[in-house]
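The residues making up each chain are set out below.
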Amino acid sequence: MRVAEQALIEFEIAVETFRVEVENFSRLHHEKLGPMYARLDELDASIAEARAARTGDPEDVRRAQDARAAVLPLPGVEALFDDWLDSEGLSPEAAAMLTERPVRPPQRVRPSEEVRRLYRELARKAHPDLAREEDERRRREEFITRVNAAYARGDERLLRELADEWEAGPAPAEERLSESEELYARLEWLAQRKDLLSVLARELEESAIGSMLRLAPEDPDRLLEEIAEQLRGQVSEREAELAALVE
């Protein structure tokens, strides 16, 4: 039982760690590459409109309308674009990304090695699966929720405070020996929990961001730079195509 419980805890730690990595990489991907994707969509719409203006073909007109509709903001969400768009269409940060000028990097939220270490130690000590009594389980669940939130923010100071809080807290109640029925029920619960975690891990790994992250797990920033370089090339090609159409 001890071996099975510890294995499940280690698996949960691994899944939670990867989930935070995926969320943080997704945020960085959005902040750094979002303006480029928006610029490409805008260029595609402008190219389609310029082509339709030249040919007058109904099918080209329809394509232009569809392309323009794809880049129009939805009602009520214009504020989402405030960080990207200015009176000329792009913020300084977005323009810098497209022209390779220096730009303020996205806020780094990826946990450091020390934060990872603190998180793993706390998760192993305070994990709810170690509790036998319901009150103790609830206490651990509330505490580990705070630990997960601090880890997701990469907050080393708060994790240290939580570690001190856990050490100063009430000692876990004495565990009573399980009867055979309780033992089997516990093992069955552990197996079901492992199956659920396996599904979550697979979904994370197969997601678009998870698949990208697995290409460069040790240096995701380099991967973002490579994608940014590809997008800059696509922007240049679209701009040249648009210029030729409007001459």
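What counts as what
- The written sequence of each chain sets the order in which its residues are numbered from 1.
- A pLDDT threshold of at least 70 governs which residues receive local features in this predicted model, and a stricter bar of 80 or more applies before side-chain atom pairs are shown or counted, although totals over entire chains, interfaces and linings include all residues.
- Just so you know, side-chain values use all the structure's heavy atoms and leave hydrogens and water out.
- A run of H or I in DSSP becomes a helix once it reaches four residues, and a run of E becomes a strand once it reaches two; helices and strands are each numbered from the N terminus.
- Relative accessibility thresholds used throughout: buried, under 20% of the residue-type maximum; exposed, over 50%; partly exposed, between the two (1.4 Å probe, protein chains only).
- The contact criterion used is simple: two residues touch if any of their non-hydrogen atoms lie within 4.5 Å.
- To measure how exposed things are, a 1.4 Å probe is used in the Shrake-Rupley method; for residues, cover is taken only from the protein chains shown.
- Fitted lines through C-alpha atoms give the axes, limited to the stretch in contact for helices. The angle between two N-to-C directions lies from 0 to 180 degrees.
- Angles are sorted into four bins: roughly parallel if under 35 degrees, roughly antiparallel if over 145, roughly perpendicular if 65 to 115, and oblique for all others.
- Left-handed is the label given to a crossing in which the near helix is rotated counterclockwise from the far helix by less than a right angle, and right-handed is the label when the rotation is clockwise.
- Under the scheme applied here, ten amino acids are nonpolar (Ala, Val, Leu, Ile, Met, Phe, Trp, Tyr, Cys and Pro), four are charged (Asp, Glu, Lys and Arg), and all others, including Gly, are polar.
- By definition, a salt bridge exists where a carboxyl oxygen of Asp or Glu is found within 4 Å of a side-chain nitrogen of Lys or Arg.

**Thoughts on the overall build of the chain**
When helices and strands are counted, the chain shows nine helices and zero strands. Shown N-terminal to C-terminal, the secondary structure of the chain runs as helices and strands in the order α-α-α-α-α-α-α-α-α. Every one of the 247 residues in the chain was classed for burial, and the buried ones make up 34%. Counted over contacts in the chain with a minimum sequence separation of 6, partners at least 24 positions apart contribute 74%. Summed over its atoms, the accessible surface of the chain is roughly 15,200 Å², and 53% of this surface lies on carbon and sulfur atoms.

**Digging into the packing of helix α5 (residues 134-153) against helix α6 (residues 156-168)**
Contact pair α5 / α6: the axes reach a minimum separation of 9 Å and the direction vectors enclose 160°. Between α5 and α6, the crossing angle belongs to the class labelled roughly antiparallel. Between α5 and α6 lies a crossing of left-handed hand. Packed against α5, whose contacting residues are E136, R139, R140, F143, R146, V147, A150, Y151 and R153, the element α6 presents L158, L159, L162, E165 and W166 at the interface. Along the lines of polarity and charge, the residues of the contact of α5 with α6 split into eight nonpolar, no polar and six charged.

**A closer look at the pattern of salt bridges**
The full count for this structure, using the stated rule, is 30 salt bridges. Between R117 and E121 there is a salt bridge, with the nearest N and O atoms lying 2.6 Å from each other. Of the two residues, R117 and E121 are both situated in helix α4 (residues 113-126); the distance of four residues between them amounts to about one turn of the helix. Residue classification places E121 among the partly exposed positions, given a relative accessible area of 34%. Between E156 and R160 there is a salt bridge, with the nearest N and O atoms lying 3.0 Å from each other. Here E156 pairs with R160, and both are found in helix α6, just four residues apart, close to one helical turn. Residue class for E156 comes out partly exposed when judged on its relative accessible area of 29%. Each of E59, D60, R62, R63 and D66 takes part in one network of salt bridges that share partners.

**Section: the packing of α4 against α5**
Running from N to C, α4 and α5 cross one another at 170°; their axes reach a closest spacing of 10 Å. Taken as axis vectors, α4 and α5 run roughly antiparallel relative to one another. Residues V115, R116, Y119, L122, A123, K125 and A126 of α4 form the contact with α5, whose own contacting residues are R140, F143, I144, V147, N148 and Y151. Partitioned by chemical class, the residues of the contact of α4 with α5 number nine nonpolar, one polar and three charged.

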